[in-house]
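# Observations on the three-dimensional arrangement
The lines below spell out each chain.
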Amino acid sequence: MNQPVPSKLTQSAAWKALQQHQAEIAPLQMRDLFAREPERAREFSLEAGALLLDYSKHRITGTTLALLADLARQADVEGWRARMFAGEHINASEDRAVLHVALRAEAQAFPAGNDVMPLVRAARQRMRAFSDALRGDRLLGHSGKPMRTVINIGIGGSDLGPRMLTQALWRHADAPQAVRFVANADPDDLAHALVHAEPETTLFIVASKTFTTGETLGNAKLARAWLTQGLGSETAVMKHFAAATANVKAAGEFGIAPELCFPLWDWVGGRYSVWSSVGLPLAIAIGMDRFEQLLAGARAMDAHFLAAPLAANMPVLLALLGIWYTNFFGAATHAVLPYAEALRELPAYLQQLEMESNGKCVDRDGQRVDYATAPVLWGSVGTNSQHAFHQLLHQGTQLIPCDFLVPGANTAAAAENALAQAAALMAGKDAAIAQKRFDGNRPSSTILFQTLDAHTMGQLLALYEHKVFVQGIIWNINSFDQWGVELGKEIARTLAAQPATGTAATGLDASTDALFARLRGWRR
Ligand code: F6P
């Protein structure tokens, strides 16, 4: 691999100013800043729609923010933002537009010159008609019974979004169907989902933009066999399988009826696709009206992202704070801590969003970068997380910026714990015994919102999407491709194609040969 040469970014005036500023500010204690600045909490907080972001517990001053905003300006974040919303092919390595924002738009025509809204509106109407019929027990299976189980088969972006939101919004779910999700290549996943399902009353949705993903097709074939054996009919597939895909031809060849193929387009990245027909299982669970509220929430965040000045722009602020710690404090990870049981799948969703988007070491010009890009994103729900890994957050050797996500209305005990954790991380506590000392000065953002509903979730997810976008622009990487997942897929295909008997030489390496031989021995 070619060695990094000094990049324009690290040689830039804005970057160098931040490096110098970091050296000056690093010794400052946040608790002293709070003591000195009575207005700090008010000054470093921002409301956008339903979300209140408190970013006062960061190792920043007004100067830090001004210098970070210079970095965003230098990278032309505003210009790139305009290019994305104009439908330019900013996903250059795949020569594609990046238009997931169109999926939640309500403009008559968007973007100018390449209007995709007729497609989007038609897809929404079809989702509504289908989910209404299913929820109203008007969509019957092969033997005339209404559906009682919906199983989404997909992986990555075709799974994580609808799975997470169906969990997050379970209090708003009022469908007569149970909605389940299957992703893993391990057939145990499907087997578990089928435990309480009956072939007569089960609908499968095969969600795959490409309709070529090995795990999804493998599970879909197993599901089809389970269904056709259970019902004693091959044609039952036409009534018990739907698809969310950009590859209608392949879905048709699988046996899915054209009227049950819901569209996707190449200008929607998988991890940005929950707003599309990939959201169908969610629309079934909560109803299309609430699904439209989700879209409206995201649309409100899009409007904020487009209009707010950089220094008062929530996604931009989150992006810049992340860059501050990743690139100037050497933070290697970032924790997301939702204080709501309903948000327990959110860290996994954000992992794909952030790490598949910005886990890149080559910039848009093909040069190896000489700076860190996406940190490892991880996390879990509070308060469970407090009894698992917060020890390390408080007293470990690493600086780990945290996002506390706190719905206020129905989880009072959890919310108070979130505030307590953020306060403790920031202020620390002195003690005579070293082991009992808390250094503090550990940064966190707190995002507070009143209720956990579809509109708020739309805002929250769009907030993180745009954060990722801004970071990608500043890091000069393409956030919208994912070539890094291809090599492993290719090798897995090679291994799967090996004959069951004969030499275990895989053509790879001695370690893989030995492991493969052992596996084959066990299976014999
Ligand atoms: O392997 C990564 C990936 O391509 C993701 O980007 C995507 O969300 C997932 O696989 C599923 O892809 P598909 O929807 O085409 O099955």
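Below is a short write-up of the structure. Fair warning: this is a prediction, and the values are worked out from it, not measured in the lab.

Right, let's talk about the layout of surface pockets for a bit. Empty space among the atoms becomes visible once a probe the size of a water molecule is rolled across them. Computed from the structure, the largest pocket encloses a volume of approximately 1200 Å³. Lining the largest pocket we find 41 residues, and of these T210, T213, V485, E486 and K489 sit closest to its centre. Listed by contribution, the elements that provide at least two residues to the lining of the largest pocket are α10 (214-231), α16 (346-358) and α20 (486-496). Residues belonging to the lining of the largest pocket are distributed by class as follows: 14 nonpolar, 17 polar and 10 charged. Within this model, the second largest pocket holds a volume of roughly 400 Å³. Taken together, 16 residues make up the lining of the second largest pocket; nearest its centre are K360, V362, N478, D481 and W483. Residues that form the lining of the second largest pocket fall into these classes: six nonpolar, five polar and five charged. Two domains each donate at least three residues to the lining of the second largest pocket, and these are domain 1 (29-75 + 308-474) and domain 3 (483-523).

Another point: unusual backbone geometry. Of the consecutive residues F110 and P111, the connecting peptide bond is found in the cis state with omega at -15°. Locating P111 in the fold gives a position in the loop between α6 (77-85) and α7 (117-135). A positive phi is found at D76, a non-glycine position, where the angle reads about 60°. Tracing the sequence through the fold places D76 in the loop between α5 (62-74) and α6. Notably, N441 is not glycine yet its phi reads approximately 65°, a positive angle. Considering the arrangement of structural elements, one finds N441 in the loop between α18 (412-427) and β11 (444-449).

In the vicinity of the ligand, 14 residues are found, and the nearest of them are G157, S158, S208, T210 and T213. Here S158 contributes a side-chain N or O atom positioned 2.6 Å from an oxygen atom of the ligand. A distance of 2.8 Å separates an oxygen atom of the ligand from a polar backbone atom of K209. Protein chains bury 88% of the 390 Å² of accessible surface belonging to the ligand in isolation. Spatially, the ligand is embedded in the largest pocket.

Here we take up a nonpolar patch on the surface. A cluster of nonpolar side chains, L487, I491 and L508, forms an exposed patch at the surface whose accessible area comes to about 240 Å². Within the secondary structure, I491 is located in helix α20.

Our next topic: the sheet that holds strand β3 (residues 149-153). As summarised here, the arrangement of the five strands in space is β4-β3-β5-β6-β7, forming an open sheet in which the pairing is parallel. The strands lining the two open edges of the sheet, one partner per strand, are β4 (178-182) and β7 (261-263). Averaged over all pairs of adjacent strands, the angle between their axes in this sheet comes to 20°, without regard to strand direction. Where strand β6 (residues 241-245) and β7 come together, three bridges link them in parallel fashion. Note that in β7 the partner of A243 across the bridge is C261. In the packing of α7 onto the sheet, contacts are made with β3, β5 (202-207), β6 and β7, and the angle to β7 comes to roughly 145°.

This paragraph deals with the environment of H172. Locating H172 in the fold gives a position in the loop between α8 (160-168) and β4. With a relative accessible area of 27%, H172 lands in the partly exposed category. Residues H172 and D453, spaced 281 residues apart in sequence, show a C-alpha to C-alpha distance of 7.7 Å.

Right, let's get into the side chain of H304. Position of H304 among the secondary structure elements: in helix α14 (residues 288-307). Accessibility expressed as a relative area gives 15% for H304, which makes it buried. In contact with H304, not counting residues within four places along its chain, are A48, A312, N313, M314 and P315.

Quick notes on the rules
- Residues numbered from 1 in each chain as written.
- Predicted model: local features only at pLDDT ≥ 70, side-chain atom pairs only at ≥ 80, totals over all residues.
- Heavy atoms only, no water.
- 1 Å grid on protein atoms, 1.4 Å probe; cavity = no way out; pocket = protein on both sides within 12 Å on 5 of 7 lines; lining within 4 Å.
- Points joined across faces, edges and corners; volume = space filled by probe spheres on them.
- Helix = DSSP H or I, 4+ residues; strand = E, 2+ residues; numbered from the N terminus.
- Nonpolar A, V, L, I, M, F, W, Y, C, P; charged D, E, K, R; others polar.
- Domains from an automatic or database assignment.
- Near = heavy atom within 4 Å.
- Polar contact = N/O pair within 3.5 Å; in protein donor to acceptor, adjacent residues only side chain to side chain.
- Areas by Shrake-Rupley, 256 points an atom, 1.4 Å probe, with all protein chains shown as cover.
- Sits in = over half its atoms within 2 Å of the grid points.
- Patch = residues over 30% accessible without salt bridge, like charges linked within 9 Å, V, L, I, M, F, W, Y side chains within 5 Å.
- Salt bridge = Lys/Arg side-chain N within 4 Å of Asp/Glu carboxyl O.
- Pairing = 2+ DSSP bridges.
- Axes fitted to C-alpha atoms, helices over the stretch in contact; angles between N-to-C directions.
- Contact = heavy atoms within 4.5 Å.
- Buried < 20%, exposed > 50% of the residue type's maximum accessible area, 1.4 Å probe, protein only.

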